[in-house]
Amino acid sequence: MVSVHRELRRELWRVFFLGLAGAMIGRIMGSALTGLSVVFLFYVLIQINKLRRLHRWLRRRAGGPIPELGGMWDEVIREVHRVDRDSERHKERITGLFDRLQAAASAMPDAMVVLSQRDLIEWANPPAERLLGLHAQRDIGARIVHLVRDPSLTAYLEAGDYHQPLVLKGSVEPYVVSVQIIPFGASQKLIIGRDITHLIRLEDMRSHFVADASHELRTPLTVLRGFVETFQDTLGKEDEELSANLALMQEQVERMRRLVDDLLALSRLETTPARVHEEVVDMRALVDGLQGVAQALSGDRGHRIEVGVQGEDLMGNPEELGSAFTNLVHNAIRHTPAGGLVRVTWATDVTGGHFAVQDTGEGIAPRHIPFLTERFYRVDSGRSRATGGTGLGLSIVNEVLVRHDGRLAIESVLGQGSTFTCHFPLSRLVVRVPSSPPSVTTV
Ligand code: ADP
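In this report, we go over the structure that sits alongside the text. (Residues numbered from 1 in each chain as written. Predicted model: local features only at pLDDT ≥ 70, side-chain atom pairs only at ≥ 80, totals over all residues. Heavy atoms only, no water.)

**Topic: the pattern of salt bridges**
Here is step 1: Under the definition given, this model contains 21 salt bridges.
Here is step 2: Among the salt bridges present, the one from D110 reaches R194, with a minimum N-O distance of 3.0 Å. With D110 in the loop between α3 (71-107) and β1 (111-115) and R194 in strand β5 (residues 188-195), this residue pair connects regions lying 84 residues apart in the sequence.
Here is step 3: Note on D110: relative accessible area 10%, which makes it buried.
Here is step 4: E306 serves as the salt-bridge partner of R343, at 2.8 Å between the closest nitrogen and oxygen. With a gap of 37 residues between them, R343 in strand β9 (residues 341-349) and E306 in strand β7 (residues 304-309) connect regions that are remote in the sequence.
Here is step 5: Given a relative accessible area of 28%, R343 falls into the partly exposed group.
Here is step 6: For E306, a relative accessible area of 13% gives the class buried.
Here is step 7: In this structure, a network of salt bridges that share partners links the residues E203, R206, E270, R375 and E399. (Salt bridge = Lys/Arg side-chain N within 4 Å of Asp/Glu carboxyl O. Helix = DSSP H or I, 4+ residues; strand = E, 2+ residues; numbered from the N terminus. Buried < 20%, exposed > 50% of the residue type's maximum accessible area, 1.4 Å probe, protein only.)

**Brief notes about the packing of helix α2 (residues 32-59) against α3**
Here is step 1: The geometry of α2 relative to α3 is characterised by a closest axis approach of 11 Å and an angle of 15° between their N-to-C directions. In terms of their interaxial angle, α2 and α3 are classed as roughly parallel. Between α2 and α3 lies a crossing whose hand is right-handed. Two secondary-structure elements touch here, α2 through Q47, K50, L51, L54, W57 and L58 and α3 through W73, V76, I77, V80 and H81.
Here is step 2: For the contact of α2 with α3, the class distribution of residues is 8 nonpolar, 2 polar and 1 charged. (Axes fitted to C-alpha atoms, helices over the stretch in contact; angles between N-to-C directions. Parallel < 35°, antiparallel > 145°, perpendicular 65-115°, else oblique. Left-handed = near helix turned anticlockwise from the far one by under 90°. Contact = heavy atoms within 4.5 Å. Nonpolar A, V, L, I, M, F, W, Y, C, P; charged D, E, K, R; others polar.)

**Some words on the nonpolar core**
Here is step 1: In this structure, F325, W346 and F355 are the most contacted members of the largest nonpolar core, which totals 40 residues.
Here is step 2: Looking at which domains feed residues into this core, each of domain 3 (199-271) and domain 4 (279-442) supplies at least three.
Here is step 3: Of all hydrophobic cores here, the second largest spans 22 residues; its members include L131, V145, L157 and L168. (Core = buried A, V, L, I, M, F, W, Y, C linked by side-chain atoms within 4.5 Å. Domains from an automatic or database assignment.)

**Considerations on the sheet that holds strand β6 (residues 279-281)**
Here is step 1: The 3 strands are arranged β6-β8-β13 in an open sheet whose pairing can be described as antiparallel. The open sheet is flanked by β6 and β13 (429-430), the only strands paired with a single partner.
Here is step 2: Pairing of β6 with strand β8 (residues 313-316) involves 3 bridges; the strand directions are antiparallel. Of the residues in β8, the one forming a bridge with E279 is G316. (Pairing = 2+ DSSP bridges.)

**Some words on the packing of aromatic side chains**
Here is step 1: Inspection of every chain in the model, using the stated rule, returns 9 aromatic pairs.
Here is step 2: One aromatic cluster is present, formed by F325, W346, F355 and F424 through successive ring pairs. (Phe/Tyr/Trp six-rings, centres within 6.5 Å; stacked < 30°, edge-to-face > 60°.)

**Brief notes about helix α9 (residues 283-298)**
Here is step 1: In this model α9 runs 22 Å from its N-terminal to its C-terminal C-alpha over 16 residues, within 8% of the 22 Å that 1.5 Å per residue would give.
Here is step 2: Where α9 begins, one side-chain oxygen reaches toward the backbone nitrogen of R284, 3.1 Å away; that side chain belongs to D282. (Expected span 1.5 Å × (residues − 1). Polar contact = N/O pair within 3.5 Å; in protein donor to acceptor, adjacent residues only side chain to side chain.)

**As for a negative patch on the surface**
Here is step 1: Together, E238, D239, E240 and E241 make up a negatively charged patch on the protein surface.
Here is step 2: Taking relative accessible area as the criterion, E238 reaches 69% and is therefore assigned exposed. (Patch = residues over 30% accessible without salt bridge, like charges linked within 9 Å, V, L, I, M, F, W, Y side chains within 5 Å. Areas by Shrake-Rupley, 256 points an atom, 1.4 Å probe, with all protein chains shown as cover. Lys, Arg positive; Asp, Glu negative; His and termini not counted. Charge placed at Lys NZ, Arg CZ, Asp CG, Glu CD.)

**A closer look at the pairing of β9**
Here is step 1: When β7 meets β9, the two strands line up parallel, connected through 6 bridges. When the sheet's bridge partners are listed, V307 is paired in β9 with V344.
Here is step 2: Pairing between β9 and strand β10 (residues 352-359): 8 bridges, direction antiparallel. Paired with T348 across the bridge in β10 is G353.
Here is step 3: Connecting β9 to the antiparallel partner β10 that follows it, the hairpin turn spans 2 residues.

**Brief notes about the pairing of β1**
Here is step 1: Across the 5 residues of β1, 5 count as buried, placing the element largely inside the fold.
Here is step 2: Burial along β1 is two-sided: A111, V113 and L115 and M112 and V114, pointing in opposite directions, are all buried.
Here is step 3: Where β1 lies against β5, 5 bridges are found, and the strand directions are antiparallel. Pairing of V113 across the sheet is with I191, part of β5.
Here is step 4: In this antiparallel pair of consecutive strands, β1 and strand β2 (residues 121-124), the connection spans 5 residues, and D119 shows a positive phi of 60°.

See the structure below:
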């Protein structure tokens, strides 16, 4: 910068002396103004010529020789040259970084695809060919949904909620791919596809193993139960101590049977596809049936049981819904002292359908509530076992609700009681024909 100023000053002096010389020569020849004009005319022509050479060099400066223009012009050329070199180095650095990034992305086992604003493929790494069936070069510029033809991907991209990954099964055989979308920049997206074929296979093996093992345990358990009952009826009558031990055995066999049944129910929910055996569930009949179940479970403990039904019916699998609701009623009776109140209701409103089981029982401390639907989670395991619990009841409820687009809400106050509510979306409601007035029965 300093040398540019110096050259500028020199140039001004040069112009001054040239003008002076031109004026003096002009004076000698008769007119100082004419001399001055001629000198300046030459000066301007020379500068225009230098400007033209500079322009030509700038246009094809890649590899061209640097012109020697002298004075201030050389400084300008040097400056342009320096900026050029800097930007070249910068470009090389960025290209190198991009190449390294591309090499790292290509070496990754996960599929990676960059989508433009309109979900057009901008870039894809080689694993995307294997896991998503794309061609890393040929498919650039194509819409991803035209190549990965899975309606769930189209719906997932349109919905725009990418918190939960999408599992693509059967789009590119034999792979099962977990797809995660990360939006970035101006409406661009990065798709990461992870091969979870092995995990799904292991998960399948696990649930089939549990189902098979539970199934295999059923027969020996039935035999055992039969023998214990026979011994109780014959030997137990003669020996009091033996009778007590046999009663204990019977209780444990019964517990194992319940456990096996619950495990089987859970693995059936995991392994059978949802929405297959769905029909309109008559909620009035279902709730009335639950009233009978609650009464039978209460026995001589004299719980007050109330039921109420109002609104549309529910679309779903009657066996699954029946087993989930029975579990809730079962829990309410087991965890409510004799004479307590258990209320079973079904109601619909603008948000959907709500099946609730409310009790005035022991209640649950808030710290346990988030974990209640986990398998084998019990607030008090000793007490749960003593009352015939398996620790799987609420897991079954949760699984059934997930299959019916529903969710479980638990409200509880320790020492006062609990309310377990199954919420279903509006899409699950079916208008009842003919409609009947709400009913509340107290027993
Ligand atoms: P369990 O077979 O042990 O009842 P669940 O999965 O059905 O297993 O329930 C998990 C735990 O939640 C139970 O151990 C119990 O402590 C608690 N629980 C469930 N329902 C109620 C209820 N209505 N009142 C109080 N506690 C409950």
